[in-house]
Amino acid sequence: MSSEVVRVRVNPDQPDVEAVARAAEVIRRGGLVAFPTETVYGLGADALNPQAVARIFEAKGRPAHDPIIVHVAGVDELARVAREVPSVAQHLAEIFWPGPLTLVVPKADVVPPVVTAGGETVAVRCPAHPVALALIRASQTPIAAPSANRFGHTSPTTAQHVLDDLAGRFDLLLDSGPTPVGVESTVLDLTAEIPTILRPGGVPREALEAVLGQVAVVERGPGRNMPLRSPGLLERHYAPRAELWLFTGPTEPVVEALCQEVRRAREAGRRVAALVADEDVARVRAKAKDVVVIAVGPSHEGAVVAQRLFAALRTLDAQNPDLILARDFPRQGLGLAVHDRLVRAADRVVDVTVGTGVLPFESD
Ligand code: TXA
Ligand code: MG
């Protein structure tokens, strides 16, 4: 891997053909390309080249048991990487692709085991980003790509985030500015009896329910131990360096508890930062003038909050606080993904409806 990263700026709406061809050449030669998708930046390699895919794991410090999503350029390419395409998968792909929906289906032999972590299923998605689509087409191969961050860190929504985590660990970066969705794709397991959301993301649960009727959600929270259906569901993912406490429950007591904790932590001499909704800012600031406050949008606009969340976590972390205090958000629409990422970034989840206050977070 080169120590000098080549960073190429590409118009997200009209990708420059030469820039894309250059990146595709890197893919075809078994190299690593960081590229934008509509959700987050991905770190891509030729999905059919096991050596190339192995380099992804190395670059990210990702454990080999965590499988990687295969990106294709259209619905018709699903059959190339799936052993069989269940009719429900075909139906969902036709409705939601290109878009932030990843479908877990039986894997075809052509997909090397390193991609699926030895498993018999493969996660497939067709991203809705002109640069990602152009790259897959020009590479003439499906592209295996996890989020382009160090394992366990917050996913990158800008090219700079990618460089902050992985500079020197890949060959070429296509920089198309901030990603529009901001949280990763929804991962839907279609090999389960009931279609099961393994990771809430860019396609809301409600949209899947409207098509499928019943959808199960693998839910994780404080005090709840789940089998590792999706190895990426490891706790303390998306984590900033600073300690993070998440306040969850009804809005009014949540904001009140967060404000009280801001004051308490300030009195204890701790450097605090707060992640809140737009409507909470004045109230939090009133508690302590010098607290760093980032507002990620109106609490009920899940799509706005999702788009800003990861950048906000990185910005807060860069202030090097002792403690980040975050409020939870309503779980409708993209709010469910926001909630999920905050829970997984948290060292502690404070359920304000529980009298004892702080629950230590239980991990596997
Ligand atoms: O939006 C996204 O999905 C981004 C962009 C780059 O496409 N990618 C992404 O990849 O977030 P990654 O590797 O950071 O997360 C993929 C998730 C992990 O939780 C992984 O365990 C799960 O999908 N996954 C991958 N293959 C799977 C499989 N065969 N069965 C179950 N879960 C799988
Ligand atoms: Mg990831």
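Look a little higher up for the structure.
None of the values given here were measured: they were computed from a predicted structure.

Engineer: What is the right way to read the layout of surface pockets from this model?
Structural biologist: Where empty space is left in the structure can be found by rolling a water-sized probe over the atoms. Of the voids in this model, the second largest pocket is the one considered here, and its volume is about 250 Å³. Elements with a contribution of two residues or more to the lining of the second largest pocket: helix H7 (159-166) and helix H11 (302-318). Looking at the lining of the second largest pocket, its residues break down into 5 nonpolar, 4 polar and 5 charged. Lining the lining of the second largest pocket are residues from two domains, each supplying at least three of them: domain 1 (6-217) and domain 2 (243-358).

Engineer: Please clarify how the pattern of salt bridges should be interpreted in this entry.
Structural biologist: A pair can form between side chains of opposite charge whenever their charged atoms are brought close. Applying the stated criterion to the full structure yields 19 salt bridges. One salt bridge connects Glu-209 with Arg-205, and the closest N-O pair in it is separated by 2.9 Å. In this pair, Glu-209 and Arg-205 both sit in helix H8 (residues 205-212), 4 residues apart, roughly one turn of the helix. A salt bridge links Asp-340 to Arg-344; the nearest nitrogen and oxygen atoms lie 2.7 Å apart. With Asp-340 and Arg-344 both in helix H12 (residues 335-345) and 4 residues apart, this pair spans about one turn of that helix. In the salt-bridge network here, residues are joined through shared partners; they are Glu-184, Asp-340, Arg-341 and Arg-344.

Engineer: Looking at this structure, I do not really get the site of ligand 1. What am I missing?
Structural biologist: Not every one of the 25 residues close to ligand 1 is listed here, only the nearest: Thr-39, Asp-66, His-71, Ser-185 and Arg-199. Between an oxygen atom of ligand 1 and a side-chain N or O atom of Ser-147, the distance comes to 2.9 Å. Contact with the protein chains hides 95% of the accessible area of ligand 1, taken as 670 Å² for the molecule alone. Of all the secondary structure elements, the ones that give two or more residues to the shell around ligand 1 are strand S6 (121-125) and strand S10 (196-199). Looking at the shell around ligand 1 residue by residue, the class counts come to 11 nonpolar, 9 polar and 5 charged.

Engineer: Is there a simple way to think about the sheet that holds strand S9 (residues 186-189) in this case?
Structural biologist: Consider a sheet: its strands pair through backbone hydrogen bonds, and that pairing is either parallel or antiparallel. Reading across the sheet, the 11 strands line up as S1-S8-S2-S3-S7-S4-S6-S5-S9-S10-S11 and stay open at both edges, with mixed pairing between neighbours. The open sheet has two edge strands with one neighbour each: strand S1 (6-9) and strand S11 (216-217). In terms of strand pairing, strand S5 (residues 101-106) meets S9 through 4 bridges, oriented parallel. Paired with Leu-103 across the two strands is Leu-188, which belongs to S9. Each of strand S3 (41-46) and strand S7 (143-144) touches helix H2 (residues 50-60); the most contacted strand, S3, lies at about 145° to it. Strands in contact with helix H6 (residues 130-139) are strand S2 (33-36), strand S4 (70-71), S7 and strand S8 (172-175); relative to S2, the strand with the most contacts, it is inclined by about 140°.

Engineer: Is there a simple way to explain the environment of Ala-210 in this structure?
Structural biologist: Locating Ala-210 in the fold gives a position in helix H8. Taking the relative accessible area as the measure of exposure, Ala-210 reaches 69% and is therefore exposed.

Engineer: Can you walk me through the nonpolar core in this structure?
Structural biologist: One broad rule of soluble globular proteins: the nonpolar side chains tend to lie buried together. With 63 residues, the main nonpolar core has Leu-103 and Leu-174 as its most contacted residues. When residues no more than four places from it in sequence are discounted, the contact partners of Leu-103 are Ala-89, Leu-92, Ala-93, Trp-97, Val-122, Ala-123, Val-124, Leu-188 and Leu-190. Ranked by size, the runner-up nonpolar core spans 29 residues in total, among them Leu-246, Ala-277, Leu-309 and Leu-342.

Engineer: Explanation requested: the packing of aromatic side chains in the structure shown.
Structural biologist: What describes a pair of aromatic rings is the distance from one ring centre to the other and the angle between the planes of the rings. Following the criterion strictly, the structure yields 0 aromatic pairs and no others. Sitting above the plane of the Phe-329 ring, Arg-327 keeps its charged end 4.9 Å from the centroid.

Engineer: Would you explain H12 in this entry?
Structural biologist: Given 3.6 residues to a turn, an α-helix orients residues that are three or four positions apart in the same direction. Among the 11 residues of H12, 11 are classified as buried, and the element is accordingly described as predominantly covered. Here H12 has its buried residues at Gly-335, Leu-336, Ala-337, Val-338, His-339, Asp-340, Arg-341, Leu-342, Val-343, Arg-344 and Ala-345. Tucked into the core, H12 has its buried residues touching S10, H8, strand S12 (243-248), H11 and strand S15 (323-327).

Engineer: How should I be thinking about the packing of helix H4 (residues 87-96) against H8 in this particular structure?
Structural biologist: Helix packing for two helices is described by the angle between their axes and how far apart those axes are. For the pair H4 and H8, the least separation of the axes is 11 Å and the interaxial angle reads 125°. Here H4 lies oblique to H8, going by the angle between them. Judged by the twist between their axes, the crossing of H4 over H8 is right-handed. Of the residues in H8, those in contact with Val-88, His-91, Leu-92, Ile-95 and Phe-96 of H4 are Ala-207, Leu-208, Val-211 and Leu-212. Here the residues of the contact of H4 with H8 are counted per class, giving 8 nonpolar, 1 polar and no charged.

Engineer: What is the right way to look at H11 in this model?
Structural biologist: In this model, H11 (17 residues) spans 24 Å end to end at C-alpha, consistent with the 24 Å of a helix rising 1.5 Å per residue. Taking the largest bend as the criterion, H11 deviates by roughly 40°, centred on Leu-309. Its buried side turned inward, H11 meets H7, S12, strand S13 (272-276), strand S14 (292-295), S15 and H12. With its phi angle positive at about 55°, Asn-320 sits one or two positions after the end of H11.

Parameters and conventions
Residues numbered from 1 in each chain as written. Chains lettered and ligands numbered in written order. Predicted model: local features only at pLDDT ≥ 70, side-chain atom pairs only at ≥ 80, totals over all residues. Heavy atoms only, no water. 1 Å grid on protein atoms, 1.4 Å probe; cavity = no way out; pocket = protein on both sides within 12 Å on 5 of 7 lines; lining within 4 Å. Points joined across faces, edges and corners; volume = space filled by probe spheres on them. Helix = DSSP H or I, 4+ residues; strand = E, 2+ residues; numbered from the N terminus. Nonpolar A, V, L, I, M, F, W, Y, C, P; charged D, E, K, R; others polar. Domains from an automatic or database assignment. Salt bridge = Lys/Arg side-chain N within 4 Å of Asp/Glu carboxyl O. Near = heavy atom within 4 Å. Polar contact = N/O pair within 3.5 Å; in protein donor to acceptor, adjacent residues only side chain to side chain. Areas by Shrake-Rupley, 256 points an atom, 1.4 Å probe, with all protein chains shown as cover. Pairing = 2+ DSSP bridges. Contact = heavy atoms within 4.5 Å. Axes fitted to C-alpha atoms, helices over the stretch in contact; angles between N-to-C directions. Buried < 20%, exposed > 50% of the residue type's maximum accessible area, 1.4 Å probe, protein only. Core = buried A, V, L, I, M, F, W, Y, C linked by side-chain atoms within 4.5 Å. Phe/Tyr/Trp six-rings, centres within 6.5 Å; stacked < 30°, edge-to-face > 60°. Lys NZ or Arg CZ within 6 Å of the ring centre and 35° of its normal. Parallel < 35°, antiparallel > 145°, perpendicular 65-115°, else oblique. Left-handed = near helix turned anticlockwise from the far one by under 90°. Expected span 1.5 Å × (residues − 1). Bend = angle between axes of the 7 residues up to and from the residue.

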